[in-house]
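Examination of the molecular architecture
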Amino acid sequence: MSALPPIDNSLLPADVRKGTTADQNRYKTGLAFERQLVEQLTQSMADTSKAQESSSDDDSGDGSSAATDSYKQMLPGVMADSIMSAGGLGLARTIAQSLKESGQ
């Protein structure tokens with residue numbers, strides 16, 4: 001499991017940057033949760049793809065090497081990082097707002 005890399009405050013939305021430290025921490029918590037969710041979703045996609053590949057193979061060997069398997073294992077985390085670096089799914093703001101409203 002990868003952790004969310006440190007977030008540069010200049011990359012936070014303007015209203016979050018201008019908010020309190022607690023607002024910034026809530027937003028960062030939302031980003032961390034969103035990244036974890038995206039990684040689990042991409043892992044689920046990879047597992048589904050793997051299951052479909054193995055059920056469609058006629059012969060016992062799938063022809064993949066240890067290196068290929070290693071890259072396939074890294075794919076969900078890399079995809080999650082790419083999605084998050086492109087702005088994510090937009091859940092972090094909603095999560096931060098919910099945390100704020102619940103008093104956390």
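Read on for a plain summary of the structure. (Residues numbered from 1 in each chain as written. Predicted model: local features only at pLDDT ≥ 70, side-chain atom pairs only at ≥ 80, totals over all residues. Heavy atoms only, no water.)

Examining the nonpolar core
- Counting residues in each nonpolar core, the largest one holds 9 residues, listed as Leu12, Val16, Tyr27, Leu31, Val38, Ala80, Met84, Ala92 and Ala96.
- For this core, the secondary structure elements donating two or more residues are helix H2 (21-56), helix H3 (66-85) and helix H4 (91-101).
- If you tally residues by element for this core, the top one is H2, at 3 residues.
- Beyond its immediate stretch of four places on either side in the chain, Met84 contacts Leu31, Glu34, Arg35 and Val38. (Core = buried A, V, L, I, M, F, W, Y, C linked by side-chain atoms within 4.5 Å. Buried < 20%, exposed > 50% of the residue type's maximum accessible area, 1.4 Å probe, protein only. Helix = DSSP H or I, 4+ residues; strand = E, 2+ residues; numbered from the N terminus. Contact = heavy atoms within 4.5 Å.)

Concerning the pattern of salt bridges
- Within the structure shown, the criterion is met by 5 salt bridges.
- Its salt-bridge partner being Asp23, residue Arg26 comes within 2.5 Å of it at the nearest N-O pair. Of the two residues, Arg26 and Asp23 both sit in helix H2, 3 residues apart, roughly one turn of that helix.
- For Arg26, a relative accessible area of 14% translates into the label buried.
- Judged by its relative accessible area of 18%, Asp23 falls in the buried class.
- One salt bridge in this structure joins Glu39 and Arg35, with 2.5 Å as the shortest N-O distance. (Salt bridge = Lys/Arg side-chain N within 4 Å of Asp/Glu carboxyl O.)

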